[in-house]
Amino acid sequence: MSSPTEQSAVTVLGLGPMGRSLAGAFLDAGLRTTVWNRTPGRDRELVARGAVSVRSAEEAVAASSVTVVCVVNYDAVDTVLRREAVTGALKGRTVVNLTADTPDRARGVAAWAAEHGVRYLDGAIMTPTTTIGTPAAVFIHSGPADLYREHQPVLEALGGTHTHLGEEIGRAAAYDIALLDIFWTAMAGYAHALAVARAEGITARELAPFAKGIGDILPPIFEEAAEEADSGSYSGEGNPITSAVSSMAHIVHTSEAHGIDAGVMRAAEGMARRAIGRGHGADGFIRIAELLGRR
């Protein structure tokens, strides 16, 4: 255990896999880095690389003008930051919260920070631990623009691209939720596809190159669908919802014939059939985004 003999450039709270990657990137960039974790022992490798380890969260936040927090969720953030000694040590300093949670929770932490004189930026990490410190890393941020600009040089030590999405504090978390929605829905679809393929005697390795081909056609489809969603045009030329429903029905039939749960695809088919029932059968599939948004 070492003690900070000079002001650190940055403090990292939370030394799970992502937190350790963040601290490691700061160290690789030559920044004096103070680290702390609720569970002792996770800082040994970082200390060997030059990190400053302290005994308490209040010591950690007092060591730097900016503290980066990356823990499991905002409940854990509250547990660490809302202790009286830590809150007092943070007054006048900046917290950059890279913990994943919901937009409402981000707004709640920001309100608490403002009440206690803590400067606050919210953010999200959109790429795996292995990308941190490399050009492949992707970070998104929201909060006061002047505060972001002030700490941008430190944040950019993490590598990759950093995008400030606006001053509304929940905006980064909102992007994060929407993008993770794409990711986990796609992964659920891939898992289901592997189960169906296996039932038909196709191995995962045999399917994978063709699955990658499906992934490759998605970017232009995303761009086209975004334009349709924003304009409300929903063109179904070439692939109307009626055609989509037909192929979904085939997937449901094949899955259930093998005893494979088709609940996710049945849900998607149901949404498409509701769109058809409302007179949108000739529209493109992305029309369902509008129907989902109706209350």
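These figures come from a predicted structure and were not determined experimentally.

Trainee: Describe the nonpolar core, and please don't skip the residues or the numbers.
Mentor: Counting residues in each nonpolar core, the largest one holds 28 residues, and the members touching the most others are L22, F26, L98, I125, I132, F139 and L158. Contributions of two or more residues to this core are made by β1 (10-13), α1 (17-28), β4 (66-69), β6 (119-125) and α7 (145-155). For this core, the leading source of residues is α1, giving 6 residues. Dropping the residues within four chain positions of it, F26 is found in contact with V10, V12, L31, T33, V68, V154, A157 and L158. One finds V52, V54, A57 and A76 within the second-largest nonpolar core, a separate group that totals 27 residues.

Trainee: Before we move on, can you summarise α7 with the specific residues and values?
Mentor: Every α-helix carries 3.6 residues per turn, so stepping three or four residues along brings you back to the same face. When we look at burial in α7, the residues that qualify are A145, L147, Y148, H151, V154 and L155. Angular distribution of buried residues about the axis of α7 spans 140 degrees; they occupy a single face of the element. Along α7, exposed side chains directed more than 90 degrees from the buried face belong to D146, R149 and P153.

Trainee: How would you sum up the confidence of the model for the protein chain? Please name residues and give values.
Mentor: When pLDDT is averaged along the protein chain, the result is 95, and 97% of the positions lie at 70 or above. Ignoring residues within four places in sequence, the model shows residues 1-5, a span with pLDDT below 50, making 15 contacts including any to other chains.

Trainee: Go over the environment of Y120, please, and point to the residues and values.
Mentor: The topology assignment puts Y120 in strand β6. Judged by relative accessible area, Y120 falls into the buried class, the value being 7%. It is 45 Å that separates the C-alpha atoms of Y120 and I241, two residues lying 121 residues apart in sequence. Aside from chain neighbours lying at most four places away, what touches Y120 is Y74, V95, N97, A106, V109, A110, A113, P144, L147 and I169. Here N97 takes part through its side chain, which lies 3.1 Å from a polar atom of the side chain of Y120.

Trainee: Please set out a nonpolar patch on the surface residue by residue, giving values where relevant.
Mentor: On the surface, a nonpolar cluster with roughly 700 Å² of combined accessible area is contributed by Y175, L179, I182, I214, I217, L218, I221 and F222. Mapped onto the nonpolar patch, the elements with two or more residues apiece are α8 (171-199) and α9 (204-231). Top contributing element to the nonpolar patch by residue count: α9, with 5 residues. The topology assignment puts I221 in helix α9. Given the relative accessible area of 43%, I221 is considered partly exposed.

Definitions and cut-offs
Residues numbered from 1 in each chain as written. Predicted model: local features only at pLDDT ≥ 70, side-chain atom pairs only at ≥ 80, totals over all residues. Heavy atoms only, no water. Core = buried A, V, L, I, M, F, W, Y, C linked by side-chain atoms within 4.5 Å. Buried < 20%, exposed > 50% of the residue type's maximum accessible area, 1.4 Å probe, protein only. Helix = DSSP H or I, 4+ residues; strand = E, 2+ residues; numbered from the N terminus. Contact = heavy atoms within 4.5 Å. Arc of directions from axis to C-beta. pLDDT = per-residue confidence, 0-100. Polar contact = N/O pair within 3.5 Å; in protein donor to acceptor, adjacent residues only side chain to side chain. Patch = residues over 30% accessible without salt bridge, like charges linked within 9 Å, V, L, I, M, F, W, Y side chains within 5 Å. Areas by Shrake-Rupley, 256 points an atom, 1.4 Å probe, with all protein chains shown as cover. Salt bridge = Lys/Arg side-chain N within 4 Å of Asp/Glu carboxyl O.

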